[in-house]
Amino acid sequence: MNGWVVSSFPEKNLVVPHQQGTVKPPRPKRIILVRHGESEGNVDESVYTRVADPKVGLTEKGVIEAEECGRKMREMIERDDGGDDWKVYFYVSPYKRGIETLRNLAKSFERSRIAGVREEPRLREQDFGNFQDREQMKIEKAVRARYGRFFYRFPNGESAADVYDRITGFRETLRSDIDIGRFQPPGQQSPNMNLVIVSHGLTLRVFLMRWYKWTVEQFEGLHNMTNGGMIVMERGYGGRYCLSMHHTREELQKFGMTEEMLIDQEWQKVAKPGELNYDCLITGPSYFTHFDDDDDDKNFEL
């Protein structure tokens, strides 16, 4: 098996008995979102008229971007993690440019550092409808700009709202994997695990929207990550995953996050899993216009 250790259903034994109940596996330290490197379609949209979207690969520049992403990722992990027991586990889109990005960024990691990989179809790019007619696609994108980027569905394809639905399913799978500690065998579990999700620009923005419960309006204000770029969700002081643990305020503003979203990230930094932000400005009172500033109802329960 080329050195890989194979065991049958190791997750069955991942939660070990304890005198006062059970001991949960440690939550991974980071969830790292990676957009694929520059693809042939990023350079020339006419590629989609003759090559199926899942088969569009990286350019030479895209390969270099993926390799550089891997080097930056390793430098970040080694700089910020205290111990030497860190590893990476990958979830990857089945599209060719996703797989090629994974293979090239993984050059920075030895076999002993890679805990595993799972190809995940729900991480695929937004479906635009099989082979694309270039002129018709220009029309469709212009209509999308008028209709709204989140709800507009391409003919024979998907809307961002459709992507949201399948990402919701993936998120539940990911949470389950985290809860049972699927990434490492019993006895080898470490809090220095890094989950890496290699996917596509819109898909990753939808993933963040779903995770942090951002609104449609807030989603539509976000910008794509650069090709081969990373966004890091790092475990905060209370155990929740937070963007501002790694990224500066300026970086998050450049990504398109509003002041309300940034304030919520500061709360995420110290909150514990399962806690609710009763003063959250993203939801709750932001929907109502009849409250006075001094109204006792400003602490609206989610």
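Here's a quick rundown of the structure. Being a predicted model, the structure only gives us computed values, none of them experimental.

Bringing the sheet that holds strand β6 (residues 193-199) into the picture now. Here 6 strands make up an open sheet; going across it, the order is β5-β4-β6-β3-β7-β8 and the pairing mixed. At either end of the open sheet lies a strand with only one pairing partner, and these are β5 (114-119) and β8 (241-242). Of the strands in this sheet, β3 (30-35), β4 (87-92), β5, β6 and β8 touch helix α5 (residues 160-180), which is tilted by about 160° from β6.

Glancing now at empty space enclosed by the protein. Scanning all chains against the criterion turns up 1 cavity of 30 Å³ or more. Empty space within the largest cavity amounts to approximately 70 Å³. Lining the largest cavity we find P25, P26, P28, I178, G181, F183, Q184, Q189, S190 and M193. Partitioning the lining of the largest cavity into residue classes produces 6 nonpolar, 4 polar and no charged.

What follows covers the packing of α5 against helix α6 (residues 201-212). One way to put it is that α5 packs onto α6 with a least axis distance of 9 Å and a crossing angle of 65°. Between α5 and α6 the crossing geometry is right-handed. Along the contact surface, α5 presents A160, V163, Y164, R166, I167, T168, F170, R171, E172 and L174, while α6 presents L202, T203, V206, F207, M209, R210 and W211. Split into classes, the residues belonging to the contact of α5 with α6 amount to 11 nonpolar, 2 polar and 4 charged.

Analysis parameters
- In this numbering scheme, every chain counts its residues from 1 along its sequence in written order.
- Confidence filtering applies because this is a predicted model: local features only for residues at pLDDT of at least 70, side-chain atom pairs given and counted only at 80 or more, and all residues used for totals across whole chains, interfaces and linings.
- Side-chain calculation: all heavy atoms of the structure are included, whereas hydrogens and water are not.
- Whether two strands pair comes down to DSSP finding at least two bridges between them.
- Helical segments are the DSSP runs of H or I of at least four residues, strand segments are the runs of E of at least two, and each set is numbered from the N terminus.
- When checking whether two residues touch, look at their non-hydrogen atoms; a contact exists if any pair is within 4.5 Å.
- Interaxial angle, 0 to 180 degrees, is taken between N-to-C directions of lines fitted to C-alpha atoms, where a helix line uses only the stretch in contact.
- The distinction between a cavity and a pocket rests on a 1 Å grid over the protein atoms alone: a 1.4 Å probe fits inside a cavity but cannot get out, while a pocket stays open yet meets protein on both sides within 12 Å along at least five of seven lines, and a residue with an atom within 4 Å of a point counts as lining.
- Grid points are joined across faces, edges and corners, and a volume is the space filled by probe spheres set on the points.
- Polarity classes work like this: nonpolar for Ala, Val, Leu, Ile, Met, Phe, Trp, Tyr, Cys and Pro, charged for Asp, Glu, Lys and Arg, and polar for all others, with Gly in that last group.
- Each helix crossing is assigned a hand: it is left-handed if the near helix lies turned anticlockwise from the far helix by less than a right angle, otherwise right-handed if that turn is clockwise.

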